[in-house]
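Okay, here's what each chain looks like letter by letter:
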Amino acid sequence: MIPLDELVRDIRGKVCPSSLLVALRNINENIEAISQGKLILKIITDSRDAMVTIPNAARNMGLESQVEKLPEGHYMLSITKDIEV
Amino acid sequence: MSQNATSKHSPCTELEYAALLAENRLLQSKNKHLVDYVREKTNKLLQVMGTIVLKPEELDDATLIEFDPIGIVTESFTQILANLRKTNLKLQLAHQEIQAIFDSVGSAVLVLDPERKIISFNENSRTKLFSGITDFSGITDFSGKSCREIICQHRTTESQCVHSMVIASGHSEKCIGWEFGDRYYDVIGQPIKNAEDILTHVVLVYNDVTEHRRNSHALQRALVETMEAKDQVDGLLKSMSDGLIASDAWGRVVLMNAAAEQLLNSNLELCIGQSLPDITAIPMLKDYLEMLMLGSADHSADFELERSDGKVKTYQARSSVLLKNENVKGYITFLQDVSREREIDRVKDEFLSTAAHQLRTPLASVIGYSELIMESESLTAATLNDYISIVYSKAEQLSEIVNNLLDISRIEAGHDLMICQAPVEVEPLIDEALAGFRKIGHKHTLEVNLQQKGVLLNVDRFAILQVFENLLSNAVKYSPNGGIIKIEGVILDNYYQLSIVDHGLGMTDKQAAQAFDKFYRANASNTAISGSGLGLTIVRYLVESHSGKVWIEPRSGAGITIHITLPLCL
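Because the structure is predicted, anything quoted here is derived from the model rather than measured.

J.: Just give me the short version of the confidence of the model for chain B, but keep the residues and values in it.
T.: All names here are of chain B. Looking at chain B as a whole, its pLDDT mean stands at 84, while 91% of the residues score no less than 70. Ranking the elements of chain B by mean pLDDT puts helix α1 (residues 3–9) last, at 49, and strand β15 (residues 495–501) first, at 95. Contacts for the low-pLDDT stretch residues 1–6, under 50 throughout, to residues beyond four places or in other chains number two contacts.

This is the structure in structure tokens:
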């Protein structure tokens, strides 16, 4: 398995909708690499709303997202290529 | 910007300044409209995205324009639309796949709305469910019709209706063996719900189980018949007195009946899967089974086994090879008690040997004296007469032996001697028997003492005469020194007992017990007394043929008494 590149964006301090817009801008900028499965976009956020809005938007765009709670109390969203069923 | 400040630093005229101010206000107003427009559109797009609106304090106007949220969301929407197109394509394919399955599935499938109206149906529904409906002949499209009117025609109750069950429970339901015409269906109902979890459709799948049901019934019948046959075979195996061992092509035990278990002092549980020779320690049987496995066994083999009661029995092991398409599929080995057959063979051999011996002695005398008569020309008339008397006597003896042998042969073969019972007075019968002995038995005194006169017996006259003659002959022969021979008769209960008392050589108890066996002679060493050893055997048979009994009462050293009982003529 080829190791994937990771792009980490820390948007702590931003709340929705700014956090969503920032996430969307990063997704848009890297959509090709993410869709091809070459890149994982990791977004670190402390907004609980973003836990819903960003994954919903990613799913609508055909991407997969996973939420991981970090020990510091904030979250990391991993946006990846959709898993084909 | 204040007016004073403007007039202090700018060389513009008042008019120019006023114009610039107006232009500035206009630009500001336009800019505000633009920003408001951007905010309004951004908020609308954000609402579509499912999030809250942008607050002015979160992004000021300048940052808003620079951040370009419309551009961001629009670009995301482009991606969303592309994804939707992709998803739509997938859905379209999935729909086609489902339609193909729907049409090709072996079951009849109906999609109904909650009011039982048919939304769609597959081809099998037409052939299996709709084809027999005469009321709707000519109708090809059943969409919109009620399944209750078309299929069940109100014959199915609410509690049997799978559609109703699904509507009531909201879950999958089924009805097993629903009868429709001459066929049977397992009907499965599946709810289809919308995003709000509201039931919108019910899919009914009709699986035709008629053949399965018929096959199942046939299988059940076959199973019952097989079980009955198995019970019969089990019963047969259990009831078989012969031992039976079934083994596979490799000689491993697969079945053994109770008789075999008892014979081998083992059980099927212990022997199953074991090689045939390993299930027994009986040397001859083990050898036979080993040879069988090597394919070089004789057809059968005898072996002896001591039973728990101490008796040694002879068994025969014989095997049949089970063949299928000329391949060995197994072996059936029978263990049969052949003790009686072997005993019969032994007795037969002994009978032939003894009979030959019995015939040879008088025959030798006949031949010897006949030769003397033929070859000697100088014999006196008296000597010739003696020789001829001897030949005649020996010929009579031979005749008696042959007659006895024939009687015994008939008895042994199970052919009853003809017994014709009729009223016969006992006293004249005894006199008739005694007549011959009175002529030759000059050394003996024959006394008759019958307690009752004129007693009638229900007997075969000739058979009982033969009995009397045999018994009297023995009494005379075994009393070589002469003496009194008494014949006593008495009625006891409902039979007549006749006793012949001699004072001859006598017998031991053991000899008395064996005296009625074939060819048994109590004093065989005494060659002066001729006899075949068959007389008493015939006596017993004749007496027992009259439902009578015969027994010997030995009086050690003082002769014997033979008693017989015979039926009275009542």
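J.: Account for the sheet that holds strand β4 (residues 183–193) of chain B, naming residues and giving values.
T.: Residues and elements named next belong to chain B. In spatial order, the strands read β2-β1-β5-β4-β3; together these five strands make up an open sheet with antiparallel pairing. A single partner strand is all that each edge strand has here, and the edge strands are β2 (118–121) and β3 (173–180). Going from strand to strand, the sheet's axes swing by 25° on average, the running direction of each strand aside. By the bridge criterion, five bridges tie strand β1 (residues 108–112) to strand β5 (residues 199–208) in an arrangement that is antiparallel. Each bridged residue has a counterpart across the sheet, and for L112 the counterpart in β5 is V202. With respect to the sheet, helix α5 (residues 123–130) is in contact with β1, β2 and β5, its orientation differing from that of β1 by roughly 100°.

J.: Mind laying out the sheet that holds β15 of chain B, listing which residues take part and the relevant values?
T.: Residues and elements named next belong to chain B. If you trace the five strands from one edge of the open sheet to the other, you get β12-β14-β15-β17-β16, paired in mixed fashion. In this open sheet, the two strands that pair with only one neighbour each are β12 (444–450) and β16 (550–554). Between one strand and the next, the sheet's axes are offset by a mean angle of 15°, whatever the strand orientation. Bridge count for β12 against strand β14 (residues 483–492) is seven bridges, and the pairing is parallel. Paired with T445 across the strands is I484, a residue of β14.

J.: How would you sum up the interface of chain A and chain B? Please name residues and give values.
T.: Listed by partner, the interface residues are 16 residues for chain A and 17 residues for chain B. When residues of the side of chain A that touches chain B are traced back to their parent elements, those giving at least two are α1 (18–29) and α3 (50–60) of chain A. Sorting elements by how many residues they give to the side of chain A that touches chain B places α1 of chain A first, with seven residues. For the side of chain A that touches chain B, the residue count by class is nine nonpolar, six polar and one charged.

J.: Talk me through helix α8 (residues 210–239) of chain B; I want residue IDs and the actual numbers.
T.: Compared with an ideal rise of 1.5 Å per residue, which puts 30 residues at 44 Å, α8 of chain B spans 42 Å between its outermost C-alpha atoms and is within 8% of the ideal. Of all the 30 residues making up α8 of chain B, zero are buried; the element is thus mostly uncovered.

J.: Can you lay out unusual backbone geometry for me, pointing to particular residues and giving the numbers?
T.: All names here are of chain B. Not every positive phi belongs to a glycine, and N325 is a case in point at roughly 50°. Within the secondary structure layout, N325 lies in the loop between β9 (312–324) and β10 (327–337). Exposure remark for N325: the 5 C-beta atoms within 10 Å place this residue in the exposed category. Notably, S547 is not glycine yet its phi reads approximately 60°, a positive angle.

J.: Explain the packing of helix α15 (residues 461–477) of chain B against helix α17 (residues 535–545) of chain B residue by residue, including any values.
T.: Residues and elements named next belong to chain B. Two numbers describe how α15 lies on α17: the axes approach to 10 Å, and their chain directions differ by 145°. In terms of crossing hand, the pair formed by α15 and α17 is left-handed. Between α15 and α17, the contacting residues are A463, Q466, V467, N470, L471, S473 and N474 on the first element and G535, I538, V539, L542 and V543 on the second. Residues belonging to the contact of α15 with α17 are distributed by class as follows: seven nonpolar, five polar and no charged.

Calculation rules
Residues numbered from 1 in each chain as written. Chains lettered and ligands numbered in written order. Predicted model: local features only at pLDDT ≥ 70, side-chain atom pairs only at ≥ 80, totals over all residues. pLDDT = per-residue confidence, 0-100. Helix = DSSP H or I, 4+ residues; strand = E, 2+ residues; numbered from the N terminus. Contact = placed C-beta atoms within 7 Å. Pairing = 2+ DSSP bridges. Axes fitted to C-alpha atoms, helices over the stretch in contact; angles between N-to-C directions. Nonpolar A, V, L, I, M, F, W, Y, C, P; charged D, E, K, R; others polar. Expected span 1.5 Å × (residues − 1). Buried ≥ 20, exposed ≤ 12 C-beta atoms within 10 Å, placed from the backbone. Left-handed = near helix turned anticlockwise from the far one by under 90°.

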